[in-house]
Amino acid sequence: MQPEVINYEANRELRWIGKLFASHIFDGEHAFVLHDNGDGTTTFMQYEHFRGILVPFLKKMLDVDTKASFMQMNEALKKRVESSN
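Note that the coordinates shown come from a computational prediction; the quantities given were computed from them, not determined experimentally.

With that settled, consider the packing of aromatic side chains. One pass over the structure, following the stated rule, counts three aromatic pairs. Summarising the aromatic geometry, the rings of W16 and F32 are spaced 5.4 Å apart at their centres and angled 65° between planes, so their arrangement reads as edge-to-face. A residue pair is termed long-range when its members are at least 10 positions apart, and W16 in strand β2 (residues 13-19) and F32 in strand β3 (residues 27-36) qualify at 16 residues. Of the residues examined, W16 reaches a relative accessible area of 21% and is grouped as partly exposed. Ring geometry for F26 and F50: centres 5.5 Å apart, planes at 20°, overall stacked. Remark: F50 occurs in strand β4 (residues 42-51) and F26 occurs in the loop between β2 and β3; sequence separation between them is 24 residues. Through a chain of ring-to-ring contacts, three or more aromatic side chains come together here, namely W16, F32 and F44.

This is the structure we're talking about:
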C-alpha cells in the first residue's frame, strides 16, 4: 500500500487512504482528528474505515489485531502527552 493523503488541516485532521493493488479490493481510510475542547484540553480521535472485496476475509485480523495496534498507539500517545505537561 502507498497511502495518499486526502485531507490535512493543521492542528485539526490528517486523513489518508491506502489501497491494495487497486480500488475496491482492500481500501483503508484512516484519520487522526484533534478537537479543541475550549478548556485547554484536546480530544484525540483515531478511526479507520475498511472497504473492498477482501474485507470479509480479513475481518478477524482487522477486529482484533488492527484494533489492538490502534489502542496501543493511543495509550503510548496518552502517556507521552501526559508526561510532557
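Our next topic: unusual backbone geometry. The phi dihedral of N11 is positive, around 60°, even though this residue is not glycine. Inspection of the secondary structure assignment puts N11 in the loop between β1 (4-9) and β2. A relative accessible area of 69% places N11 in the exposed class. In this model, H24 sits at a positive phi of 75°, which is unusual for a non-glycine residue.

Moving on, we get to the side chain of H30. Along the polypeptide, H30 turns up in strand β3. Judged by its relative accessible area of 3%, H30 falls in the buried class. Looking at H30, its side chain comes within polar contact range of the side chain of Q46, at 3.0 Å. The contacts of H30, once residues within four sequence positions are left out, are L14, R15, W16, Q46, Y47, E48 and F70.

Definitions and limits used
- Residues numbered from 1 in each chain as written.
- Predicted model: local features only at pLDDT ≥ 70, side-chain atom pairs only at ≥ 80, totals over all residues.
- Heavy atoms only, no water.
- Phe/Tyr/Trp six-rings, centres within 6.5 Å; stacked < 30°, edge-to-face > 60°.
- Helix = DSSP H or I, 4+ residues; strand = E, 2+ residues; numbered from the N terminus.
- Buried < 20%, exposed > 50% of the residue type's maximum accessible area, 1.4 Å probe, protein only.
- Polar contact = N/O pair within 3.5 Å; in protein donor to acceptor, adjacent residues only side chain to side chain.
- Contact = heavy atoms within 4.5 Å.

Keep in mind these values describe shape, not function.
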